[in-house]
Amino acid sequence: MPSQERTRLEAVSRLMMLVGLIGVLASVVLVLSIAEARSDLPANRAEAATAVTLILMIIVGSRVKARVRIRSTTHSMTWNESAIIIGMAVAPPSWVVLCTAVGMSLTLIPKRLGPMKATFSVSKNVLLAAGAGMVFSLTDWRWPPEDAASLIGTVAVAYLVVTLIDECSVIPVIALASGIRIRDHFRSNLDLRLGGSLIRFVVTVCTLVILQVDSRLLLAVPPLVLSLHLAYSTRINTRTEQQAWQRLARTTDALNVVNLDQVLTTAVTQATELFSADEVEIELREGDRTVRGAAGTITYDGPAAEPTTVDGTVLTTPLEGHDRATGVGLLRLRFRGPVQLSEREQYTLRTFASALCTAVRNAQAYAELARVADEHAYAATHDALTGLANRRHLLDQGTEHLSSRHAEGVTALVLIDLNHFKEVNDTLGHAAGDQVLVQVAERLSGAAQPTDLVARLGGDEFAVLLRGLPAPAVAAHRAEALLTTLHEPFDLDGMRISVEASGGIAAAPATGGMAELLRRADVAMYQAKRAGQRISTYAPNRDTADVARLTLGGDLPRAVADQEFTVNFQPIVDLGTGAVTGAEALARWHHPTHGMIDPLRFLEAVERSGLLPAFAEAILDQALVAASTWRDAGFDVPVAVNVSPRSLLDARFPGSVLARLRAHDLPPDRLVLELTETLTLSQLDVVDRVLSRLRDEGVRLALDDFGTGYSSLSLLSRIPVHELKIDRSFVTEMESSVEAAAVIRSTLDLGRSLDLTVIAEGVENEPQRRALWELGCTGGQGHLFARPMPAGTLLAALRRGSGGRPGLLAPPLHDAGAVVRLPASRRSTARGRNQPA
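Computed from a prediction, not measured in an experiment: that's the story for all the values here.

Student: Just checking my understanding: could you explain the overall build of the protein chain for this structure?
Tutor: A tally of regular secondary structure across the protein chain gives 28 helices and 23 strands. Taking all 837 residues of the protein chain together, 47% fall into the buried category. For the protein chain, long-range pairs separated by at least 24 residues make up 68% of all intrachain contacts whose partners lie at least 6 apart in sequence. Here the protein chain has roughly 41600 Å² of accessible surface; of this, 56% comes from carbon and sulfur atoms.

Student: Would you mind showing me how to read the sheet that holds strand β4 (residues 289–294) here?
Tutor: Strands belonging to one sheet form pairs held by backbone hydrogen bonds; the direction of such a pair is parallel or antiparallel. Across the sheet, which stays open at both edges, the five strands sit in the order β5-β4-β3-β7-β6 with antiparallel pairing between neighbours. Where the open sheet ends on each side, the last strands, each with one partner, are β5 (297–302) and β6 (313–319). The average undirected angle you get between the axes of adjacent strands in this sheet is 15°. Contacts between helix α10 (residues 260–274) and the sheet are confined to β3 (279–284), β4 and β5, with β4 contributing the most and set at about 35° to the helix. Along the sheet face, helix α11 (residues 343–381) touches β3, β6 and β7 (329–335) and points at about 50° away from the line of β6.

Student: Quick question: what am I supposed to make of the pairing of strand β10 (residues 461–469) here?
Tutor: Summarising burial for β10: eight of the nine residues are buried, a large majority. Direction of pairing for strand β8 (residues 410–418) relative to β10: antiparallel, over a ladder of seven bridges. For V414, the partnering residue across the bridge sits in β10 and is V464. Linking two consecutive strands that pair antiparallel, namely strand β9 (residues 453–458) and β10, is a turn of two residues; a positive phi of about 60° is found at G459 within it.

Student: Quick question: what am I supposed to make of the side chain of D383 here?
Tutor: Looking at where D383 falls in the secondary structure, it is placed in the loop between α11 and α12 (391–403). With a relative accessible area of 14%, D383 lands in the buried category. Within the structure, D383 has its side chain in polar contact with the side chain of T386 (distance 2.7 Å). Ignoring sequence-local partners within four residues, the contact set of D383 consists of L388, A389, N390 and R456.

Student: Sorry, what's going on with the pattern of salt bridges here?
Tutor: Oppositely charged side chains may form a pair once their charged atoms are brought near each other. Considering all chains together, one arrives at 31 salt bridges under this definition. In this structure, D301 and R289 form a salt bridge, with 2.9 Å as the shortest nitrogen-oxygen distance. Residue D301 is located in strand β5, and its partner R289 is located in strand β4; the two are separated by twelve residues in the primary sequence. Accessibility expressed as a relative area gives 17% for R289, which makes it buried. We note a salt bridge from R534 to E480, for which the minimum N-O separation is 1.7 Å. Here the residue R534 occupies a position in the loop between α16 (513–531) and β14 (535–537), and E480 occupies one in helix α15 (residues 473–484), the gap between them amounting to 54 residues. Judged by its relative accessible area of 26%, R534 falls in the partly exposed class. A network of salt bridges, in which partner residues are shared, links E279, E281, E283, R292, R332 and R334.

Student: Got a minute to help me understand the nonpolar core in this structure?
Tutor: Considering soluble globular proteins, one finds that nonpolar side chains tend to be buried as a cluster. Counting residues in each nonpolar core, the largest one holds 79 residues, and the members touching the most others are F569, W630, L671, L673, L724 and L772. With nine residues, helix α19 (residues 612–632) is the largest single contributor of residues to this core.

Student: Sorry if this is basic, but what is going on with the sheet that holds β14 here?
Tutor: Taken in spatial order, the five strands line up as β9-β10-β8-β13-β14 in an open sheet, and their pairing is mixed. Across the chains shown, the open sheet's two edge strands, defined by having one partner strand only, are β9 and β14. Each neighbouring strand pair of the sheet contributes to a mean axis angle of 20°, computed without reference to strand direction. Looking at chain direction, strand β13 (residues 501–507) and β14 are connected through three bridges and run parallel. Residue pairing in the sheet places G504 in a bridge with S536 of β14. Its contacts with the sheet put α12 on β8, β9 and β10, and the angle it makes with β9 is roughly 135°. Packed onto the sheet, helix α14 (residues 430–447) meets β8, β9 and β10 and runs at close to 10° relative to β10.

Student: Help me out: how do you make sense of a nonpolar patch on the surface in this one?
Tutor: A surface patch of nonpolar side chains, amounting to about 240 Å² of accessible area, comprises V12, M16 and M116. Of note, V12 is situated in helix α1 (residues 3–37). The exposure class assigned to V12 is partly exposed, which follows from its relative accessible area of 33%.

Student: Could you clarify how one ought to interpret α15 in this entry?
Tutor: Its twelve residues give α15 an end-to-end C-alpha distance of 17 Å, which sits within 8% of 16 Å, the value for a rise of 1.5 Å per residue. Restricting attention to buried positions, one finds in α15 the residues A475, R478, A479, L482 and L483. Looking straight down α15, one finds its buried side chains confined to an arc of 135°; they lie on one side. Every exposed residue of α15 that faces more than 90 degrees away from the buried side is listed here: A473 and H477. Its buried side turned inward, α15 meets β8, α14, β10, β13 and β14.

Student: Can you walk me through unusual backbone geometry in this structure?
Tutor: Phi is mostly negative for residues that are not glycine, and the peptide bonds are mostly trans. Within the chain, D140 stands out as a residue other than glycine whose phi angle is a positive 55°. Looking at where D140 falls in the secondary structure, it is placed in the loop between α5 (115–138) and α6 (148–178). Positive phi values are uncommon outside glycine, yet D755 reaches one of about 60°. By the element assignment, D755 lies in the loop between α25 (738–754) and β22 (757–761). Take D755: its relative accessible area is 70%, and that puts it in the exposed class.

Student: I would appreciate a short explanation of the environment of D696 in the present structure.
Tutor: Checked against the element boundaries, D696 lands in helix α22 (residues 685–696). D696 sits in the exposed class, given a relative accessible area of 67%.

Student: Explanation requested: α10 in the structure shown.
Tutor: Residues that lie three or four places apart on an α-helix share one face, since the helix turns once every 3.6 residues. A rise of 1.5 Å per residue sets the reference length of α10, with its 15 residues, at 21 Å; its end C-alpha atoms lie 20 Å apart and thus fit the reference within 8%. Along α10, the residues classified as buried are V263, L264, T266, A267, V268, T269, A271, T272 and L274. Residue N259 occupies the N-cap position of α10, its side-chain oxygen lying 3.1 Å from the main-chain nitrogen of D261. Just downstream of α10 lies S276, where phi reads positive at about 50°.

Student: Whenever I open this one, the packing of helix α2 (residues 45–63) against helix α3 (residues 80–90) confuses me. Can you help?
Tutor: If you want to describe how two helices pack, look at the angle between their axes and the distance between the axes. At a minimum axis distance of 8 Å, the contact between α2 and α3 shows a crossing angle of 165°. Of the possible angle classes, the one that applies to α2 and α3 is roughly antiparallel. Crossing of α2 over α3 shows right-handed handedness. In contact with L54, M57, I58, G61 and S62 of α2, α3 contributes N80, A83, I84, I86 and G87. Of the residues that constitute the contact of α2 with α3, the class distribution is six nonpolar, four polar and no charged.

Conventions used here
Residues numbered from 1 in each chain as written. Predicted model: local features only at pLDDT ≥ 70, side-chain atom pairs only at ≥ 80, totals over all residues. Heavy atoms only, no water. Helix = DSSP H or I, 4+ residues; strand = E, 2+ residues; numbered from the N terminus. Buried < 20%, exposed > 50% of the residue type's maximum accessible area, 1.4 Å probe, protein only. Contact = heavy atoms within 4.5 Å. Areas by Shrake-Rupley, 256 points an atom, 1.4 Å probe, with all protein chains shown as cover. Pairing = 2+ DSSP bridges. Axes fitted to C-alpha atoms, helices over the stretch in contact; angles between N-to-C directions. Polar contact = N/O pair within 3.5 Å; in protein donor to acceptor, adjacent residues only side chain to side chain. Salt bridge = Lys/Arg side-chain N within 4 Å of Asp/Glu carboxyl O. Core = buried A, V, L, I, M, F, W, Y, C linked by side-chain atoms within 4.5 Å. Patch = residues over 30% accessible without salt bridge, like charges linked within 9 Å, V, L, I, M, F, W, Y side chains within 5 Å. Expected span 1.5 Å × (residues − 1). Arc of directions from axis to C-beta. Parallel < 35°, antiparallel > 145°, perpendicular 65-115°, else oblique. Left-handed = near helix turned anticlockwise from the far one by under 90°. Nonpolar A, V, L, I, M, F, W, Y, C, P; charged D, E, K, R; others polar.

Written out as structure tokens, the structure reads:
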């Protein structure tokens with residue numbers, strides 16, 4: 001038996017025992033009253049008329065009531081106490097007790113109440129009469145009283161005793177029947193109950209005074225009683241409605257959350273109190289889910305087939321909005337007895353159902369958005385084939401671990417490359433190669449420790465980040481164990497093939513972070529390959545890259561002074577027309593000894609050297625000179641310049657940019673600043689101020705490498721960009737990876753929703769161009785259109801054009817005026833954008 005049902009049965013048992021005890025006490029009182037009344041029967045018509053009058057007073061006092069519904073039971077506040085005390089003042093106590101029993105019985109006959117309710121109503125009033133009779137007997141009461149003080153004092157004590165007996169009998173019974181704590185019910189409407197008792201006491205005293213002075217004045221009592229009763233009833237109804245609206249307001253406020261479980265729990269527990277129901281049930285259409293609760297707790301959460309244990313009245317309301325659109329489910333209120341809601345309660349129920357419908361829809365929409373966001377985040381940080389972490393996730397996790405102050409032990413990286421893997425693809429096909437990669441991933445994951453991070457960097461290259469090692473030498477033993485798992489042949493559709501692997505080990509350096517750790521492991525791995533070894537540990541004395549880097553760092557001041565940094569430009573092209581819509585500035589170092597040096601080799605040194613502002617100004621000047629030259633030649637092409645994250649920390653940076661725009665007489669919107677940064681940096685206030693000033697002045701902002709993990713939706717919500725640039729890794733894999741295509745599609749949808757320009761990087765062939773255009777991407781850059789080139793070369797290419805059309809670097813996908821049949825996905829997108837809201 002469920003605990004909730006067992007608790008209810010225990011409450012019913014205690015209720016029956018309490019009502020039975022009250023009935024037994026009342027029976028004893030009635031037996032004693034009958035014995036006493038036998039010796040004091042009405043002797044004449046006047047006394048008989050008094051007895052009849054007492055019975056009528058009890059009947060009238062019971063019928064004039066203020067009703068309050070709790071659960072399926074309606075409880076009434078009557079004028080019985082006044083009738084009983086007035087009767088006690090003018091008639092023998094035994095008469096009043098018997099007349100009370102008779103009057104209550106006659107009152108309840110037409111109502112056809114259950115045995116328990118009828119027994120309780122009669123017995124309680126008999127006990128009230130007995131309590132009042134004891135007070136009058138102990139005070140040696142005589143009618144008429146000797147003075148007003150005697151009248152008021154005796155009636156006040158009797159009324160207090162009657163009120164205490166009434167509260168002590170009614171409140172526990174209601175609490176057991178409704179499941180409400182006795183203390184809470186006692187506090188509920190205490191002021192109204194005390195005020196009502198005081199009013200009835202005053203009316204009782206006034207009635208007795210009038211009866212003593214002149215009985216003809218009793219004609220003024222009924223109108224007075226009626227007026228007071230109406231005022232009291234109105235006050236109760238007003239208070240009840242006020243409390244109901246306050247509870248409704250609190251409940252609807254509590255529903256303003258985006259967690260569906262919390263919405264349903266709040267709705268069920270609050271509705272129990274709001275509608276005084278024995279059980280509340282919410283049935284959702286989506287997911288075949290039913291949530292049920294009673295007395296402020298959830299009793300069931302699961303499929304809709306589970307039956308309820310509450311029998312009685314069921315009020316069902318559809319969960320739909322004010323527009324009567326398709327609802328999300330049903331709301332059921334269950335009562336153990338017959339219940340009919342008032343007009344106010346019906347309106348409250350409709351309002352609550354509408355608010356709950358809105359809350360459920362919002363929670364379901366948020367859950368779907370969170371699911372899609374999680375899928376996109378997972379796809380951006382994991383390899384689609386093996387499910388391992390990808391390069392970006394490895395770098396992010398490694399950087400976070402290395403920067404943590406609480407990181408314990410030694411951190412090392414093992415880089416693993418499969419030897420001659422290309423032969424597997426060439427001989428057995430790419431499908432067989434993919435199977436090998438999946439099995440390698442499974443073996444490496446099985447051999448790794450729970451604290452390790454296994455990643456696939458691309459192709460046949462894997463990495464394992466080892467964390468918390470007790471000593472650097474342990475890394476070699478762990479690497480040996482990882483490579484040993486690859487010794488066993490791999491099963492490929494009945495064939496067994498062996499794959500050899502080489503590994504490089506590097507411990508985390510003191511400086512350089514995760515990128516340097518990865519570079520060192522890569523150096524060690526290629527040292528192992530060149531030496532014909534299976535594993536090699538990084539040795540600084542054999543790393544010529546570090547020596548070269550130190551040399552380059554020393555040459556930086558001279559390079560800035562002698563203007564050795566140059567800029568090449570890669571055009572950004574409209575994918576549909578082939579027209580050039582912009583150009584990205586790419587910095588190069590023309591070293592007098594080492595020749596042309598890629599920025600990946602010197603940018604970190606520039607940022608550490610303190611020469612970043614001078615370097616950034618030199619690159620920006622060259623980019624703006626080129627844009628101005630193109631503009632004078634008739635090609636108004638915006639130029640995009642990459643911005644170092646450190647520049648965004650300099651509050652003087654916006655002023656420097658705007659000064660150079662004015663110096664070259666270029667509008668601010670001809671400059672696009674491409675940003676690549678983490679969420680942590682975007683939360684700095686100085687970055688917000690720098691970017692806001694640049695945007696306010698008209699400079700366009702672009703978010704580079706979108707979808708790789710460097711940028712995110714939370715970053716996009718803080719930085720007011722104009723453009724998104726899809727990372728080249730997604731474009732490269734879009735034809736073979738469903739996840740990469742999904743990231744591109746979601747980025748384009750996001751761009752359309754936020755009215756942002758979306759540009760795809762790394763467009764290498766015509767199929768990629770056409771696929772991107774059909775998805776709705778309008779801009780792209782890559783080797784398909786042009787490699788990075790000097791400004792003059794690009795100007796010449798613009799003048800030369802394509803197909804005799806200046807400004808074009810590629811032929812249009814379609815001729816002008818041609819009727820283009822769009823794919824279904826793009827047609828639906830276009831219709832969605834053109835439809836009215």
